Amino acid sequence: MHLQELFDRSFKAARIGVWECSLPDQTLSWTDTVYEFFDLVPQAPLSRDEIVKLYTPETRKLLNEARDKAIRTGEGFTLDAQIVTAKGNSRWIRITACVEFANGIAARIFGVKQDITAEKAMVEQLRYLAERDTLTGLSSRTRFETFLGEICGTDSRSGQALLLADLDGFKSVNDTLGHQAGDDCLKVASRRLSQAAPEADMIARIGGDEFAVIHPCSSAEDLAKIAARIVKGMNWTISTPTKNIRITISVGAVIIIPGQSPKDIFAKADLVLYDVKSAGRNGFRIMPPSRPALEIAQPTLHKEASSSPVGGF
């Protein structure tokens with residue numbers, strides 16, 4: 001009795017409950033902890049059809065597939081399942097199941113259910129921290145590199161482009177106004193960049209004042225319009241009692257060709273970004289899939305200068 005009491009208390013502390021289902025008549029039996037998971041009154045009558053409705057549609061499909069296979073083969077399974085309880089609370093439970101046979105026929109399926117809602121929340125938070133830049137809320141460099149690799153490794157007919165961008169004037173903000181002002185500048189930059197490229201597949205902060213945009217793109221001309229919109233939108237002035245600091249952006253862009261390595265795609269965009277910065281900043285250039293690069297705009301782009309192509313290198 002003492003060991004049984006310790007067993008029950010340990011299971012309850014670990015948020016683990018025991019369940020079973022009699023297969024001939026689909027009768028469910030639960031311990032009180034499982035009732036708590038589903039926000040049901042302990043020992044209340046159970047209808048499997050009604051309980052299954054509490055699983056989300058995607059989970060319900062996975063559960064039915066795993067359950068049918070287990071009954072057919074006798075092999076148990078473990079499944080993380082999402083439910084919406086009787087009180088409307090979203091919860092995750094880990095289902096572990098075994099099958100018992102009698103005279104060669106599956107007689108019951110049983111196991112344990114554990115509340116893993118807190119674990120899922122922690123994992124989601126860790127994933128968010130890994131995939132998001134904590135200062136700006138944009139995608140992180142790690143997520144960007146993964147996404148770019150996926151695009152380059154996919155034989156997709158839908159065109160996409162990579163735009164690399166550096167803020168012009170950011171160093172002056174840090175040196176003159178301090179790092180807090182620098183952080184505020186990066187937050188403004190992230191908002192402006194998101195507004196300038198609302199249809200982007202991804203916008204990431206990949207360095208101190210360095211950003212990357214992956215955007216749908218049908219042609220070099222289409223990419224020029226996207227880049228021009230970004231340059232125009234990333235132009236503002238930080239005013240202080242003693243000094244005004246102008247913030248602009250330099251952009252290097254390339255159309256992504258599936259099959260090329262992410263490293264090569266990045267290097268091409270980085271190369272033309274360097275050319276923009278060398279030419280005076282505050283503008284963009286596009287490198288087509290093969291060199292030479294096509295200069296689409298000079299740094300004076302949004303000073304009402306001509307934005308028509310002016311030739312290659």
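Note: the structure precedes this text.
Residues numbered from 1 in each chain as written. Predicted model: local features only at pLDDT ≥ 70, side-chain atom pairs only at ≥ 80, totals over all residues. Heavy atoms only, no water.

Enquirer: Hey, could you go over the overall build of the chain for me, with residue numbers and the actual values?
Expert: Across its full length, the chain holds ten helices and eleven strands. Of all 313 residues assigned to the chain, the portion counted as buried reaches 39%. When contacts within the chain are restricted to residue pairs at least 6 apart in sequence, long-range pairs at least 24 apart make up 54% of them. Carbon and sulfur atoms make up 53% of the accessible area of the chain, which totals about 16800 Å². (Helix = DSSP H or I, 4+ residues; strand = E, 2+ residues; numbered from the N terminus. Buried < 20%, exposed > 50% of the residue type's maximum accessible area, 1.4 Å probe, protein only. Contact = heavy atoms within 4.5 Å. Areas by Shrake-Rupley, 256 points an atom, 1.4 Å probe, with all protein chains shown as cover.)

Enquirer: Can you lay out the environment of Met234 for me, pointing to particular residues and giving the numbers?
Expert: Within the fold, Met234 resides in the loop between α9 (220–233) and β9 (236–239). Relative accessible area serves as the criterion here: at 0%, Met234 is assigned to the buried category. Once residues lying within four places of it in the same chain are set aside, the contact partners of Met234 are Leu167, Ala189, Arg192, Leu193, Ile247, Thr248 and Ile249.

Enquirer: For the packing of helix α6 (residues 141–152) against helix α10 (residues 262–278), give the residues involved together with the corresponding values.
Expert: Close contact between α6 and α10 brings their axes to 9 Å; oriented N to C, the two are set at 110 degrees. When the interaxial angle is binned, α6 and α10 end up roughly perpendicular. Between α6 and α10, the residues in contact are Arg141, Phe144, Leu148, Gly149 and Cys152 and Pro262, Ile265 and Phe266, respectively. Looking at the contact of α6 with α10, its residues break down into six nonpolar, one polar and one charged. (Axes fitted to C-alpha atoms, helices over the stretch in contact; angles between N-to-C directions. Parallel < 35°, antiparallel > 145°, perpendicular 65-115°, else oblique. Nonpolar A, V, L, I, M, F, W, Y, C, P; charged D, E, K, R; others polar.)

Enquirer: I'd like a rundown of helix α7 (residues 170–177), residues and numbers included.
Expert: Those residues of α7 lying buried are Phe170, Val173 and Asn174. The buried side chains of α7 occupy one side of the element, clustering within an arc of 95 degrees when seen end-on. Opposite the buried face of α7, at more than 90 degrees from it, the exposed residues are Lys171 and Asp175. Just downstream of α7, Gly178 is the residue with a positive phi angle, here 100 degrees. (Arc of directions from axis to C-beta.)

Enquirer: Give a detailed account of the pattern of salt bridges, specifying residues and quantitative values.
Expert: Per the stated rule, a full pass over the model turns up 19 salt bridges. In this structure, Lys53 engages Glu50 in a salt bridge whose closest nitrogen and oxygen atoms are separated by 3.2 Å. In this structure, the salt-bridge partner of Asp80 is Arg94, at a minimum N-O distance of 2.7 Å. With a gap of 14 residues between them, Asp80 in strand β3 (residues 77–84) and Arg94 in strand β4 (residues 90–102) connect regions that are remote in the sequence. For Asp80, a relative accessible area of 25% gives the class partly exposed. Through salt bridges with shared partners, one network takes in Arg15, Glu36, Asp39, Arg91 and Asp115. (Salt bridge = Lys/Arg side-chain N within 4 Å of Asp/Glu carboxyl O.)

Enquirer: I'd like to hear about the packing of aromatic side chains, residue by residue, with values.
Expert: Using the criterion set out here, one finds four aromatic pairs in the structure. The interplanar angle of 70 degrees and the centroid separation of 6.0 Å between the aromatic rings of Phe38 and Tyr55 together place this pair among those described as edge-to-face. Remark: Tyr55 occurs in the loop between α3 (48–52) and α4 (57–73) and Phe38 occurs in the loop between α2 (32–37) and α3; sequence separation between them is 17 residues. Side by side, Phe38 and Tyr55 carry an identical accessibility label, which is buried. (Phe/Tyr/Trp six-rings, centres within 6.5 Å; stacked < 30°, edge-to-face > 60°.)

Enquirer: Please provide a residue-by-residue account of the pairing of β3, values included.
Expert: Side chains Phe77, Leu79, Ala81 and Ile83 project from β3 onto a buried face, and the interleaved Thr78, Asp80, Gln82 and Val84 project onto a face without burial. Note that β3 and β4 share eight bridges and pair antiparallel. The residue of β4 that forms the bridge with Val84 is Ser90. Between β3 and the antiparallel strand that follows it, β4, lie five residues; Gly88 among them carries a positive phi value of about 85 degrees. (Pairing = 2+ DSSP bridges.)

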